[in-house]
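Report on the structure
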Amino acid sequence: MGSLPDAPIVHNIPVESSGGHRKPNHLNLRTSFSSASNGSFPWVRSDRRRMGSEGKTAPPKVVCGDAGYVLEDVPHLADYLPDLPTYPNPLQNNPAYSVVKQYFVNADDTVAQKIVVHKDSPRGTHFRRAGPRQRVYFESDEVHACIVTCGGLCPGLNTGGYRGFYSCNTVDLTPKSVNDIHKRGGTILGTSRGGHDTSKIVDSIEDRGVNQVYIIGGDGTQKGASVIFEEIQRRGLKVAVAGIPKTIDNDIVVIDKSFGFDTAVEEAQRAINAAHVEAESVENGIGVVKLMGRNSGFIAMYATLASRDVDCCLIPESPFHLEGKGGLLAFIERRLKENGHMVIVVAEGAGQELITESMRSMDHQDASGNKLLLDVGLWLSHKIKDHFARNQKMTINLKYIDPTYMIRAVPSNASDNVYCTLLAHSALHGTMAGYTGFTVGPVNGRHAYIPFHRITEKQNKVVITDRMWARLLSSTNQPSFISQKDIEDAKKEDEPPTQLLDRENSHGVGIDFETSAN
């Protein structure tokens, strides 16, 4: 995908005139898409891969207001199809919403990206608020929607691959067939990586008469969705494209968190508890648990904080060393002498630079363009065993637990089920209102429509100079393992890209599910 310009094109126009057209109300998660499509639509399988350069990227839509107000708006069908008719929102007569005080979202409503400000600070960046509008750009009977699930599994994915667009392996969905899929793990559509062919995909969309596309996946998938949107716009098709961010690692920026994260943290407790039982049941017992987290250590960090049984947490963002003073092995010795046992949680992406024996494999990638990681848990377990065997200071009993695929394959918990429901509602409201080329998600507890480029420009990572990481260090009493220079360098980096790291009232395990998302 082509690179974005260094500075966005700024349009000094009123907020209400920037595609703030109207949009529909929400439906129940199990019936939202099927109701809009008159009972049946293809649920398309697909694939994920990082996108290359394909044509020019449309300039971002930016609206400036008073006091440093900036709205990073999302595209609208009316931007390139100005004569489209609109219709009254069919949900305005729905008795379920007769008691709602403000039935439709105001065209001027936006969501602030940053909520902690000083009294003289500019108002800052905002995104368009999700929710129903009074006018819609699709009649319910004309909607023919498709859903694409891409990449790795994630709890909540049922609430493919891009290749499914042109490989004739679609699945027709009806309200009856999707009635209880939110109770299952995995995806009934199937998923895969790689295989993205923009031209073939849009050809398939056009040939099938699809006019709403919902693409569920991580940052690579969202990049693919952005390219699909640009090709649809280039062809002048009345097709709305919406992205739903999915990554168990919680590494998508801007949004508070991704669905499946709460479930993953909760399920990780089982593995940590098992490791703790094993470790404390024997003399000098060590339990090592490897959790998911390719580039971001959120699962490991939150699982550690939730457990309180973990003595050391290792994540990709915080380098560590094994040997010498202040190293991991010295800390393990000290903790065993103090407590007689210990539990170590390690994210899969931690310590990759230390595994020098297999450095040649560090450059290998999967079909999505992700670097293939070496098994840090197995490597670390061997290093610990070798250290104590070599020094003969004490005899240890180490158990290594890898619950990776168990965690991501389980059904979503209640919190993620509710979250997925609201994501479905918000995405549907957006496309019915004519918005396109956006990703939906909560920003400071309020669902919003976010331009694709903001989601894909970088990854969300744990900030080791943030208070949440300090809370973990205080909980485990582990050393930081990093030098003062590393700390100073980290402090110079940008502040956390989301509010998840330092939200005193949420700690990343809940969303303020306000009625505006419905």
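Our structure's up above, just so we're on the same page.
Below or above, wherever it landed, is the structure these notes cover.

Definitions and limits used
- Residues numbered from 1 in each chain as written.
- Predicted model: local features only at pLDDT ≥ 70, side-chain atom pairs only at ≥ 80, totals over all residues.
- Heavy atoms only, no water.
- Core = buried A, V, L, I, M, F, W, Y, C linked by side-chain atoms within 4.5 Å.
- Buried < 20%, exposed > 50% of the residue type's maximum accessible area, 1.4 Å probe, protein only.
- Helix = DSSP H or I, 4+ residues; strand = E, 2+ residues; numbered from the N terminus.
- Pairing = 2+ DSSP bridges.
- Axes fitted to C-alpha atoms, helices over the stretch in contact; angles between N-to-C directions.
- Parallel < 35°, antiparallel > 145°, perpendicular 65-115°, else oblique.
- Left-handed = near helix turned anticlockwise from the far one by under 90°.
- Contact = heavy atoms within 4.5 Å.
- Phe/Tyr/Trp six-rings, centres within 6.5 Å; stacked < 30°, edge-to-face > 60°.
- Lys NZ or Arg CZ within 6 Å of the ring centre and 35° of its normal.
- Salt bridge = Lys/Arg side-chain N within 4 Å of Asp/Glu carboxyl O.
- Arc of directions from axis to C-beta.
- Polar contact = N/O pair within 3.5 Å; in protein donor to acceptor, adjacent residues only side chain to side chain.

A word on the nonpolar core
- Judged by nonpolar contacts, the single largest core of 58 residues is most densely connected at Ile-205, Val-213, Tyr-214, Ile-215, Ile-232 and Ile-244.
- The dominant element in this core, judged by the number of residues it contributes, is helix 9 (residues 414-432), at six residues.
- Residues Phe-261, Ala-275, Ile-299 and Ala-300 belong to the second largest nonpolar core, which totals 31 residues.

Remarks on the sheet that holds strand 14 (residues 312-314)
- Across the sheet, four strands lie side by side as 14-15-13-16; this open sheet has parallel pairing. Pairing within the sheet leaves two strands with one partner each, and these edge strands are strand 14 and strand 16 (397-401). Between one strand axis and the next, the sheet turns through 15° on average, direction left out of account.
- Examined bridge by bridge, strand 13 (residues 285-291) and strand 16 share five bridges and lie parallel to one another. Bridge pairing in strand 16 places Ile-286 opposite Leu-398.

Some thoughts on the packing of helix 4 (residues 261-280) against helix 5 (residues 298-307)
- Where helix 4 contacts helix 5, the two axes come as close as 9 Å, and the packing angle between them is 60°. Between helix 4 and helix 5, the interaxial angle falls into the category oblique. Viewed along their axes, helix 4 and helix 5 form a crossing whose handedness is right-handed. Touching Phe-261, Ala-264, Val-265, Ala-268, Gln-269 and Ile-272 of helix 4 are Phe-298, Ile-299, Tyr-302, Ala-303, Ala-306 and Ser-307, all from helix 5.

Details of the packing of aromatic side chains
- One pass over the structure, following the stated rule, counts five aromatic pairs.
- Aromatic side chains Phe-438 and Tyr-449 sit 4.7 Å apart centroid to centroid with 55° between the ring planes, which places their arrangement in the tilted category. Of this pair, Phe-438 sits in strand 17 (residues 438-443) while Tyr-449 sits in strand 18 (residues 446-451); the two residues are eleven residues apart in sequence, bridging distant segments of the chain. No difference in accessibility class separates Phe-438 from Tyr-449, as the two residues are buried.
- By way of ring pairs, the aromatic residues Tyr-435, Phe-438 and Tyr-449 are connected into one cluster.
- The lysine or arginine in question, Lys-238, covers the ring of Phe-138, its NZ or CZ lying 4.7 Å from the ring centre.

Considering the pattern of salt bridges
- Taken as a whole and assessed by the stated rule, the structure comprises 17 salt bridges.
- As a salt-bridge pair, Arg-454 and Glu-72 come within 2.8 Å of each other at their nearest N and O atoms. The pair Arg-454 / Glu-72 is uniform in exposure class, with both members buried.
- The partner of Glu-338 in a salt bridge is Arg-335, with the nearest N and O atoms 3.5 Å apart. Of this pair, Glu-338 and Arg-335 both sit in helix 6 (residues 328-339), three residues apart, which is roughly one turn of that helix.
- The class of Arg-335 is buried, set by a relative accessible area of 7%.
- Bridged by salt links that share partners, the residues Asp-203, Glu-206, Glu-231, Arg-234 and Arg-235 form one connected network.

Here we look at helix 11 (residues 467-476)
- Of the positions making up helix 11, those classed as buried are Met-468, Trp-469, Leu-472 and Thr-476. The buried residues of helix 11 occupy an angular sector of 100° when projected down its axis, which confines them to one face.
- The inward-facing, buried residues of helix 11 abut helix 5, strand 14 and helix 6.
- By the N-cap criterion, in which a side-chain oxygen at the helix start approaches the backbone nitrogen of a residue two or three places on, helix 11 is capped by Asp-466, the distance to Met-468 being 2.9 Å.
- Just downstream of helix 11 lies Asn-477, where phi reads positive at about 60°.

A word on the pairing of strand 12 (residues 240-245)
- Within strand 12, six of the six residues are buried, which leaves it mostly tucked inside the rest of the structure.
- Every second residue of strand 12 is oriented toward a common face, with Ala-240, Ala-242 and Ile-244 on one face and Val-241, Gly-243 and Pro-245 on the other, all of them buried.
- Where strand 11 (residues 212-217) meets strand 12, six bridges bridge the pair, whose relative direction is parallel. When the sheet's bridge partners are listed, Gln-212 is paired in strand 12 with Ala-240.
- Strand direction decides the pairing type here: strand 12 and strand 17, joined by two bridges, are parallel. Residue Ala-242 lies in a different strand from strand 17, and its bridge partner there is Phe-438.

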